[in-house]
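Descriptive structure summary
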Amino acid sequence: MTPARVLHTRAPAKVNLCLLVGQPRGDGYHPLVSVFQAVDLADDLRLEPAPAGTVADEVSCPGIDGPNLALAALAAYRLATGWDAPPVRLTIVKRVPVAAGMGGGSADAAAALRLAAHAAGRPGDPVLAELAPPLGADVPFSLAGGRALVTGVGETVEPLPPGPPAALLVVPSAARLKTPAVYREADRLPSVRSADALAAAEAGLRDRIAMGGAPPAVNDLEPAARSLCPSVGAALADLAAAGAQTPLVSGSGPTVFGRFEDVEAARAAAAGLRPRHPGAVVAVAAPPELAEVRTA
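Here's a quick rundown of the structure. All values derive from a computational prediction rather than experimental measurement. (Residues numbered from 1 in each chain as written. Predicted model: local features only at pLDDT ≥ 70, side-chain atom pairs only at ≥ 80, totals over all residues. Heavy atoms only, no water.)

Comments concerning the nonpolar core
Applied cut-off: We define a nonpolar core as any set of buried Ala, Val, Leu, Ile, Met, Phe, Trp, Tyr and Cys residues linked to one another through side-chain atoms lying within 4.5 Å. Think of it in three bands: with a 1.4 Å probe and only protein chains considered, a residue is buried below 20% of the maximum accessible area for its type, exposed above 50%, and partly exposed in between. In this analysis, two residues are considered to be in contact whenever any of their non-hydrogen atoms come within 4.5 Å of each other.
Ranked by size, the top nonpolar core spans 36 residues in total, and within it Leu169, Val171, Leu221, Leu239 and Val256 carry the most contacts. Dropping the residues within four chain positions of it, Leu239 is found in contact with Leu169, Val171, Ala244, Pro247, Val256, Phe257, Gly258 and Leu273.

Quick look at the side chain of Glu222
Cut-off, in case you're wondering: Numbering of helices and strands starts at the N terminus; helices are DSSP runs of H or I of at least 4 residues and strands are runs of E of at least 2.
On the secondary structure map, Glu222 appears in helix α7 (residues 222-228). Excluding its chain neighbours within four sequence positions, the residues that come into contact with Glu222 are Leu236, Leu248 and Val249.

Remarks on the pattern of salt bridges
Stated precisely, the cut-off is as follows: For this analysis, a salt bridge means a side-chain nitrogen from Lys or Arg found within 4 Å of a carboxyl oxygen belonging to Asp or Glu.
Taken as a whole, this structure holds 19 salt bridges when the rule is applied. The salt bridge partner of Lys14 is Asp138, with a shortest N-O separation of 4.0 Å. Taken together, the residues Lys14 in strand β1 (residues 7-21) and Asp138 in the loop between α3 (127-135) and α4 (139-144) connect sequence positions 124 residues apart. Overall, Lys14 belongs to the buried group, its relative accessible area being 4%.

Thoughts on helix α6 (residues 195-210)
Filter applied, for reference: The span expected for a helix works out to 1.5 Å for each residue beyond the first. An arc is given here, and it is the one of the directions from the helix axis to the C-beta atoms.
Across its 16 residues, α6 extends 23 Å between first and last C-alpha, which sits within 8% of the 22 Å expected from 1.5 Å per residue. Turning to α6, its buried residues are Leu198, Ala201 and Leu205. Along the long axis of α6, the arc covered by the buried residues comes to 65°, so they all point the same way. Exposed and oriented more than 90 degrees from the buried face of α6 are Asp196, Ala200, Asp207 and Ala210. Positive backbone phi, approximately 85°, marks Gly212, located one or two places after α6.

What about the packing of helix α1 (residues 69-81) against helix α2 (residues 104-119)?
Put simply, the rule reads: Lines fitted to C-alpha atoms define the axes here, with helix axes fitted over just the stretch in contact, and angles between the N-to-C directions of these axes take values from 0 to 180 degrees. Left-handed is the label given to a crossing in which the near helix is rotated counterclockwise from the far helix by less than a right angle, and right-handed is the label when the rotation is clockwise. Only Asp, Glu, Lys and Arg are considered charged, only Ala, Val, Leu, Ile, Met, Phe, Trp, Tyr, Cys and Pro nonpolar, and every remaining residue, Gly among them, polar.
The geometry of α1 relative to α2 is characterised by a closest axis approach of 8 Å and an angle of 35° between their N-to-C directions. The crossing of α1 and α2 is right-handed. Note on element contacts: α2 touches α1 through Gly105, Ser106, Asp108, Ala109, Ala112, Leu113, Ala116 and Ala117, opposite Leu69, Ala70, Ala73, Leu74 and Tyr77. Considered class by class, the residues forming the contact of α1 with α2 number 10 nonpolar, two polar and one charged.

So, in structure tokens, the structure goes:
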């Protein structure tokens, strides 16, 4: 990548239109059956040559401390492909809530993989699909985007046709929930399913999808998220009072969302909720071009 070549992309968040969770396997991971939807609430990422004298790739993400999954993605790509370009700087402008159940960190990691492949002159490099699962459960879907049935522990992603047009009113929380803690709480309650129950639920979901039906508005992690973060329940009640259909926790929470048939109705509801939920925002399904890599 020459100094004149600066690359830009966006990293769409996701919501879980349904999330069914099984008991942990022998390796400790929980199998899941979920319908993921990428939405146009997205982080902005910029990849460029690092300043002179920099000895390693670096990630700048203002306001976010600690290890960054996007940096791990760059390292994984270099190791797997032998890409030996000089160090790069990846700048991330966060718009997706952090530790909120919307897959923002995973989306950034997937975007970093796409950017690295473009910088190496190999856009669409098939090795990206191999690198995604070890980085995180949501990274394979974030590479694919769109709407998909996700199974296993996130590594199996089956694209689905677009759903009916809808607007989602997304209500983030000031609180943060760590995904492992939510899964531990789900095991404690317990709100996860036996292997047989999960298989039966998956079969039913596949039948609904084949018939063109909507996935059931169920999130097996919702009781755990509410237990650890009681404000989740209040946010769900506020969404319902604002007219949202089937309010639901996304992923491990604490973000919640509800569906509206009309964008303007969703915007009006968001305005009414902002005195209590300042981060309320309307999102729609992310178009495929949103995640394209472009020269900045």
